[in-house]
Amino acid sequence: HNNNNGTTTTTSTASSKGEQQTNQIESQPIVKNNGTQFTGYIGMLAVEKTHRRSGIGTVLVQRAIHRMAQLGCHSIKLETEVTNKGAMNLYEDRLGFVREELLKKYYLNWGDAYRLRLWLTG
């Protein structure tokens, strides 16, 4: 759904042994400095541990990419922890994001992050 601040939250629900598990991604189109191009931003991706490596994260990010492309975004940015190999595999290897910048001590736990960007084609 769309929130008043322009953030789009995509939620996927999966069930396992009668339990409902909610996995979500929050993304937002933002305006670049020149005011003419939009850059999408993925702020959070959460998949329940019991449902990881089942394709849910890929589907959620693909949905966010598709929606931001519909909204006119020319690229999408996000940050992920350097040590998060699963996320790095998802974003770089599966979805084509490229590393733009190493952010030292970016997280509250002093962990380093990579800023990644996916360029969308016309």
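Described in the following lines is the structure provided in the data block. (Residues numbered from 1 in each chain as written. Predicted model: local features only at pLDDT ≥ 70, side-chain atom pairs only at ≥ 80, totals over all residues. Heavy atoms only, no water.)

If you tally the helices and strands in the protein chain, you get two helices and six strands. Along the protein chain, from the amino end to the carboxyl end, the secondary structure elements read β-β-β-α-β-α-β-β. In the protein chain, buried positions account for 36% of the 122 residues. For the protein chain, the accessible surface area stands at approximately 7,700 Å², while carbon and sulfur atoms represent 47% of it. (Helix = DSSP H or I, 4+ residues; strand = E, 2+ residues; numbered from the N terminus. Buried < 20%, exposed > 50% of the residue type's maximum accessible area, 1.4 Å probe, protein only. Areas by Shrake-Rupley, 256 points an atom, 1.4 Å probe, with all protein chains shown as cover.)

Let's shift gears to helix α2 (residues 85–94). Taken residue by residue, α2 has Ala 87, Met 88, Leu 90 and Tyr 91 as its buried positions. For α2, the angular spread of the buried residues around the axis is 165°, confining them to a single face. Relative to its buried face, α2 has exposed residues pointing more than 90 degrees away, namely Lys 85 and Asp 93. Buried positions along α2 lie against β3 (38–46), α1 (56–70), β4 (73–81), β5 (98–103) and β6 (113–119). Two residues or fewer past α2, Gly 96 is found with a positive phi of approximately 85°. (Arc of directions from axis to C-beta. Contact = heavy atoms within 4.5 Å.)

The next thing to look at is the pattern of salt bridges. Inspection of the entire model under this criterion finds five salt bridges. Its salt-bridge partner being Arg 117, residue Glu 100 comes within 2.6 Å of it at the nearest N-O pair. Remark: Arg 117 occurs in strand β6 and Glu 100 occurs in strand β5; sequence separation between them is 17 residues. On the basis of relative accessibility, which here comes to 8%, the residue Arg 117 falls in the buried class. The salt bridge partner of Asp 112 is Lys 104, with a shortest N-O separation of 3.2 Å. Asp 112 sits in the partly exposed class, given a relative accessible area of 23%. (Salt bridge = Lys/Arg side-chain N within 4 Å of Asp/Glu carboxyl O.)

All right, on to the layout of surface pockets then. The space that makes up the largest pocket amounts to roughly 690 Å³. Lining of the largest pocket is provided by 28 residues; of these, Leu 45, Asn 84, Gly 86, Ala 87 and Leu 90 occupy positions nearest its centre. Listing elements by their share of the lining of the largest pocket, those giving two or more residues are β3, α1, β4 and α2. Residue composition of the lining of the largest pocket, by class: 13 nonpolar, 10 polar and five charged. (1 Å grid on protein atoms, 1.4 Å probe; cavity = no way out; pocket = protein on both sides within 12 Å on 5 of 7 lines; lining within 4 Å. Points joined across faces, edges and corners; volume = space filled by probe spheres on them. Nonpolar A, V, L, I, M, F, W, Y, C, P; charged D, E, K, R; others polar.)

It is worth spelling out the packing of aromatic side chains at this point. If you walk through the whole model with that rule in mind, you get two aromatic pairs. Aromatic pair Tyr 91 and Phe 97: ring centres 5.5 Å apart, planes at 70°, arrangement edge-to-face. There is no split in this pair, since Tyr 91 and Phe 97 are both buried. Ring centres 5.0 Å apart and planes at 90° place the aromatic pair Tyr 106 and Tyr 107 in the edge-to-face group. Owing to a relative accessible area of 26%, Tyr 107 belongs among the partly exposed residues under this scheme. The side chain of Arg 99 reaches across the aromatic face of Tyr 114, ending 4.2 Å from its centre. (Phe/Tyr/Trp six-rings, centres within 6.5 Å; stacked < 30°, edge-to-face > 60°. Lys NZ or Arg CZ within 6 Å of the ring centre and 35° of its normal.)

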